[in-house]
Amino acid sequence: MAEEHRCQAPQLCANNCGFFGSPATQNLCSKCHRDLQLKQHQSSSAKQALNQTLVPSSSSSLPSMLSSFSVSLAMKEEPLAETKELVKMEEVQVQVEVRTNRCLTCKKRVGLTGFKCRCGMVLCGTHRYPEQHGCTFDFKGMGKEQIAKANPVVKGVKLQKI
């Protein structure tokens, strides 16, 4: 078998990426072959997840599942204004969660040594204190809530007067 591979002339990748492919990888280069396997794995895992959600636990729940599935499809066709707003809010939250590598006060690069404040800002060592960057987080309110949770109100039963 090794002799067969030596005798064949090199063939370009079937995806025309510029690299050489081999018959062992369906005439694809190693990168294209790995991407193809990854896509196949993702599609098979998605199919399994879909099958698990669609497999009814009992035969009587099948019509209810189908009706809920058709309702969800109908909702996807006509998105409501509320769902559009939720999607926009989620996009904003995703953008906020991305951690920057600069101090939000002085724009100094902090890299891995940045301090994340409770107000959500990433700061350098100089501006990490709440007084230095004008923190908007309510530390006093948080302290009150923690004390209230840790020390619940205990009331005794009233005594009846004789």
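Bear in mind that the values here come from a model prediction, so they are computed numbers and not experimental data.

### Quick notes on the overall build of the protein
Within the protein, the regular secondary structure consists of 6 helices and 4 strands. Relative to its 162 residues, the protein shows a buried fraction of 12%. Considering only contacts in the protein between residues 6 or more positions apart, those separated by 24 or more positions represent 3%.

### As for helix H6 (residues 139-150)
In a regular helix each residue adds 1.5 Å, so 12 residues correspond to 16 Å; H6 covers 16 Å between its end C-alpha atoms and thus fits that length. The buried count for H6 comes to 1 of 12 residues, which makes it a mostly uncovered element.

### Structural notes on the state of the cysteines
Under the counting rule described, the total for this entry stands at 0 disulfides. Cysteine cysteine 119 is unpaired, with the sulfur of cysteine 117 as its nearest cysteine sulfur at 3.5 Å. Take cysteine 135: it sits in no disulfide, and the sulfur closest to it among the cysteines is that of cysteine 117, at 3.5 Å.

### Quick word on the confidence of the model for the protein
Here the protein averages 74 in pLDDT, and 65% of its residues register 70 or above. In the model, residues 56-80 has pLDDT below 50 throughout and makes 6 contacts with residues more than four positions away in sequence or in other chains.

### Comments concerning the environment of glycine 134
Among the structural elements, glycine 134 can be located in the loop between helix H5 (130-133) and H6. Judged by relative accessible area, which is 53%, glycine 134 ranks as exposed.

### Observations concerning unusual backbone geometry
Residue glutamine 26 is not a glycine yet carries a positive backbone phi of 60°. Mapped onto the secondary structure, glutamine 26 falls in the loop between strand S2 (20-21) and helix H2 (30-54). What makes glutamine 26 exposed here is its relative accessible area of 52%. Phi angles above zero are rare outside glycine, and lysine 107 is one such case at about 65°. Looking at the secondary structure, you find lysine 107 in the loop between helix H4 (81-97) and strand S3 (115-116).

Definitions and limits used
- Residues numbered from 1 in each chain as written.
- Predicted model: local features only at pLDDT ≥ 70, side-chain atom pairs only at ≥ 80, totals over all residues.
- Heavy atoms only, no water.
- Helix = DSSP H or I, 4+ residues; strand = E, 2+ residues; numbered from the N terminus.
- Buried < 20%, exposed > 50% of the residue type's maximum accessible area, 1.4 Å probe, protein only.
- Contact = heavy atoms within 4.5 Å.
- Expected span 1.5 Å × (residues − 1).
- Disulfide = S-S within 2.5 Å.
- pLDDT = per-residue confidence, 0-100.

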